[in-house]
Structures are given as C-alpha cells and as structure tokens.
Amino acid sequence: MDITIQASFLPQDDPEAALAFYRDALGFELRKDVGFNGMRWLTVGPVDQPGTSIVLHPPAADPGITDDERRTIAEMMAKGTYASILLATKDVDATFDRVQATNADVVQEPTDQPYGVRDCAFRDPAGNMVRIQQLS
C-alpha cells in the first residue's frame, strides 16, 4: 500500500496565537487561512514537506457537537488533555532552545527517555501537547 499522512487536525481557539506558535516558533509555513461564519481554519506545515499539513480548526465548528460536548472540549483543552501531536527533528536540543526563546509553554526540557528516545514537550496556545522527538 502507498498511504501517506496528508493532514492532521488540532483545535485552536485563538488563530493569531496559533500562528505565532506554529509559524513563528516552530517555523512552519502558513498554507491556508480560511474564514467562515466568524471562525478561522489555518493550515500549516513544514516548508520542505508540502504534502504534510496540520489543520488548526475551531473546536466548536462541527454542528453535530452539543453544548455539553463543547463545554467538555473547552475544559479538556484548558487542561491540556484534549489533543496532541508528535513531531521529530534532527537536533531536539537546538529546536527546544529556539522554541523556548519564543516564550512557549514548556512542559518538558529535552530528556533521554527510558524507552530509547530523546524528546521535549510544549503546549501550544490552545493547550495541545506538542512533543518533539530526536530523529535516530
């Protein structure tokens, strides 16, 4: 089979803060900025990987979500337990230093994990966990 990951979705509740993190701190390019009914969907991704994107979406945009579900999602986002993504880099320490310099919310400094990887972690402005792993 020839299957690739084209896009993954993460919620965002402040498009400008999301752009500051994903574009300015992580260095992703903004590929699409789509507005509809007062909401914005942002598509970002690595400059050298045009076929892989992250769509930063308003969490309440789905009309099938109830008000109770919206409250639950908002509570989970505030706690940082709703969504996450795992990224990878050739130099996790340098990447950590660059992202930390933007005043991003540090969850974990670069650490050698007992399961064999070196990684670090941040929370994006919406509370999503962003782990960055050292490429082998």
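In case you missed it, the structure is sitting above this.
K.L.:
Explain the side chain of Q12 to me, and be specific about the residues and the numbers.
P.N.:
Positionally, Q12 belongs in the loop between β1 (7-11) and α1 (15-25). Within the structure, Q12 has its side chain in polar contact with the backbone nitrogen of D14 (distance 3.1 Å). Non-local contacts of Q12, meaning those with residues more than four positions away in its chain, are made with A18, R40, L56, H57, P58, P59 and A126.

K.L.:
Which residues make up the sheet that holds strand β2 (residues 29-36), and what values do they have?
P.N.:
Taken together, 4 strands build an open sheet; the order of strands is β1-β4-β3-β2 and the sheet is mixed. Looking at strand neighbours, the two that pair on one side only are β1 and β2, the edges of this open sheet. On average, adjacent strands in this sheet sit at an angle of 20° to one another, irrespective of strand direction. Where β2 meets strand β3 (residues 39-45), 7 bridges bridge the pair, whose relative direction is antiparallel. Bridge pairing in β3 links K32 to T43. Sitting on the sheet, α1 is in contact with β1, β2, β3 and β4 (53-57), with an inclination near 5° to β3.

Parameters and conventions
Residues numbered from 1 in each chain as written. Predicted model: local features only at pLDDT ≥ 70, side-chain atom pairs only at ≥ 80, totals over all residues. Heavy atoms only, no water. Helix = DSSP H or I, 4+ residues; strand = E, 2+ residues; numbered from the N terminus. Polar contact = N/O pair within 3.5 Å; in protein donor to acceptor, adjacent residues only side chain to side chain. Contact = heavy atoms within 4.5 Å. Pairing = 2+ DSSP bridges. Axes fitted to C-alpha atoms, helices over the stretch in contact; angles between N-to-C directions.

So yeah, pure geometry; function would need other evidence.
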